[in-house]
Number of protein chains: 2
Amino acid sequence: MYYVGIDLGGTNIKAGLVDEQGQIIEKASVPTLVERGHEAVIEDMAKLSLQVIEKAGKTLDDVGGVGIGLPGVLDPRTGRVPFCTNLGWHDVPVIELMRKVIDKPIYVDNDATVAALAENVAGVSAGARSSVFLTLGTGVGGGIVIGGKVYSGSNGVGSELGHMIVMIDGEPCTCGNRGCWERYTSATALIRMGREAAKAHPESILNADGEVTGAKQVMDAAKAGDPAACEVFDKYTTYLATGLVNIINFIDPEIIAIGGGVSAAGEFLIQPVREKLAKMIFYKAMPYARVELATLGNDAGIIGAAMLARN
Amino acid sequence: MYYVGIDLGGTNIKAGLVDEQGQIIEKASVPTLVERGHEAVIEDMAKLSLQVIEKAGKTLDDVGGVGIGLPGVLDPRTGRVPFCTNLGWHDVPVIELMRKVIDKPIYVDNDATVAALAENVAGVSAGARSSVFLTLGTGVGGGIVIGGKVYSGSNGVGSELGHMIVMIDGEPCTCGNRGCWERYTSATALIRMGREAAKAHPESILNADGEVTGAKQVMDAAKAGDPAACEVFDKYTTYLATGLVNIINFIDPEIIAIGGGVSAAGEFLIQPVREKLAKMIFYKAMPYARVELATLGNDAGIIGAAMLARN
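Before going into details, it helps to say that this report is about the structure given with it.

### Observations regarding the relation of the copies chain B and chain A
In step 1: When chain B is fitted to chain A, the residual RMSD is 0.0 Å, and the transformation amounts to a turn of 180° plus an axial shift of 0.0 Å. The transformation relating the two chain copies, once decomposed into turn and shift, fits a two-fold axis.
In step 2: Mapped onto chain A, 100% of the interface residues of chain B are again interface residues, and the two copies thus contact each other with one and the same surface.

Following this line, the structure appears as structure tokens:
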């Protein structure tokens, strides 16, 4: 049996036909064009699904279901997406509208959650009894897999790990609270801290190309040994380790996989985080989660959405 | 079938015979006398188990197993308790030693974790698909139940909710980190904040009986409308709500049950926490965990340990 996985983002709709093992057989994408409204976007998702099935030389009979990962949540009571800021969606009956075009079971979950599932099936967390996936990008997304299944909680609002408060009265967050973890560990946070450091240290190479515009710039300056950038990077890895300690003290997963833009820094990022974590862990004599780089990259969304349909 | 539940604390060993529904049929207790060493304590636990079985007019054949809740964790790989600060235990083969006296399956888990199970079987969380139990005492303990089973993680080190860091670089904690949630929400924290407020406000009734020695004193002064105590209490409930938001954003349980000494303040405590929570919740249009007072009190340890054996 095959499954269609759809990765719905603010820029592109990506769809893929995926086998039982989580391998992509065929994929395609179209621009999302959010401004058209949800009905046109959902119609395109359905059409793109049919297209990848056909391109792969398969028929609907070969397909067990369609999974969708999107930057929001599904209300499991209603089958609707209550809201999705990036897409401008409000109370969208996504399952109902998909089924108007494709008569297959439709499954929907958060994009970071399906990426967590993808890594658990075919990536770095493959086979782990429980795993957490983090994406360090514009924000910080989190996904939890327990016993091979995505864990989104009783009401479908769980695994919002980026909004774990780690600094009471800290940096204001878009969610309305203060001190959320993503204010300290997203690419956005790294840029903010890089800019502050550049201003405070006119001699820093962070000032070489005008204002700091990317997380990579800060990482590269730290790699090059620039003291101001190293200080920022040291703070950043402490913040990252702090949230990881919380995750371990909370659900004690077997593995934590780190993905998203910032994770491109690879071992340069992971190594100091592992070292700090070892010192902060509560039960020092007991084993605890491995921290690894995610391996599926941009395909995680498609694969995970398809595995949602498989499960 | 019946099950023995043992609540092993630093002061007393309590044991009870419990039925399938989580009702205590018979119970007994003896002082722990920690200083005797673990072998004598474990022998007493086993003897006390046999005693409650006999007192209830049952035999070992009526008993499905023995569960133990203790202030530490079991390493599931070895069946040993790696350490237990309150008891002075280090690498104790508790299962092996218990089985020398009682030839029944022995189960061990953290005391807050078994209390969570008790509330899920016979208390306020009865029947919930997932629940979190918090005990606000000298420290803050946490237990997680998912699908009727205790969730202690991959390595048995999860659900240490009191050590969730909510204030980077905050108050130093006994665990070696800073800013752990229990530094802000335990009875100990409430006393500390009460003392600080008493010092800063000589006119406060917090100064009526010399130094503040109990959390109840602070609560009572807040109930009486003392401005300094009200300010402390307002901070305290904000700290409590902050961690609850984290719990909800993380595993989104159906219910969060609050127990432990501080919970004796009842609705006076819970009501403001609920109000603050409503404002801080991430998905405001979606349902989220109910916050309720735990109902089993001191019996939760015995009942939960027995239910560990039942499950």
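From this point, the discussion proceeds with the structure in view.
### Let's talk about the state of the cysteines
In step 1: Tallied over the full model, the rule gives zero disulfides over all chains.
In step 2: The closest cysteine sulfur to the non-disulfide-bonded Cys 180 of chain A is located on Cys 175 of chain A, 3.6 Å from its own sulfur.

### Brief notes about the sheet that holds strand 12 (residues 290-293) of chain A
Residues and elements named next belong to chain A.
In step 1: Here we have five strands laid out as an open sheet, ordered 10-9-8-11-12, and mixed in their pairing. Here the strands that pair on one side only, and so sit at the sheet edges, are strand 10 (149-150) and strand 12.
In step 2: Against the sheet, helix 7 (residues 227-251) contacts strand 8 (130-136), strand 9 (140-146), strand 11 (255-259) and strand 12, and its axis sits at roughly 155° relative to strand 8.
In step 3: Against the sheet, helix 8 (residues 267-280) contacts strand 8, strand 11 and strand 12, and its axis sits at roughly 170° relative to strand 12.

### What to know about the interface of chain B and chain A
In step 1: Contacts between chain B and chain A engage 52 residues on the former and 52 residues on the latter.
In step 2: Counting each side, the surface lost to burial between chain B and chain A is near 4,700 Å², with a carbon and sulfur contribution of 64%.
In step 3: Of all residues in chain B, the largest losses of buried area upon contact with chain A belong to Ile 168, Phe 250 and Tyr 283 of chain B, amounting jointly to 18% of the total for that side.
In step 4: For the pair chain B and chain A, the interface holds zero salt bridges.
In step 5: Where chain B meets chain A, there are 32 residue pairs in polar contact (both at pLDDT 80 or more).

### Here we look at the packing of aromatic side chains
In step 1: Under the counting rule described, the total for this entry stands at nine aromatic pairs over all chains.
In step 2: Ring centres of Phe 250 of chain A and Phe 250 of chain B lie 4.2 Å apart, and the angle between their planes is 15°; this geometry places the pair in the stacked category. On the criterion of chain membership, the pair formed by Phe 250 of chain A in helix 7 and Phe 250 of chain B in helix 7 (residues 227-251) is interchain, its members lying in two chains. Accessibility classification places Phe 250 of chain A together with Phe 250 of chain B in one group, the buried group.
In step 3: Clustering of aromatic rings is evident, with ring pairs tying together Phe 83 of chain A together with Phe 282 and Tyr 283 of chain B.
In step 4: Against the face of Tyr 184 of chain A rests Arg 192 of chain A, its NZ or CZ located 5.9 Å from the ring centre.

About the criteria used
Residues numbered from 1 in each chain as written. Chains lettered and ligands numbered in written order. Predicted model: local features only at pLDDT ≥ 70, side-chain atom pairs only at ≥ 80, totals over all residues. Heavy atoms only, no water. Least-squares fit on C-alpha atoms with pLDDT ≥ 70 in both. Contact = heavy atoms within 4.5 Å. Disulfide = S-S within 2.5 Å. Pairing = 2+ DSSP bridges. Helix = DSSP H or I, 4+ residues; strand = E, 2+ residues; numbered from the N terminus. Axes fitted to C-alpha atoms, helices over the stretch in contact; angles between N-to-C directions. Buried area = accessible area lost by both parts, 1.4 Å probe. Salt bridge = Lys/Arg side-chain N within 4 Å of Asp/Glu carboxyl O. Polar contact = N/O pair within 3.5 Å; in protein donor to acceptor, adjacent residues only side chain to side chain. Phe/Tyr/Trp six-rings, centres within 6.5 Å; stacked < 30°, edge-to-face > 60°. Buried < 20%, exposed > 50% of the residue type's maximum accessible area, 1.4 Å probe, protein only. Lys NZ or Arg CZ within 6 Å of the ring centre and 35° of its normal.

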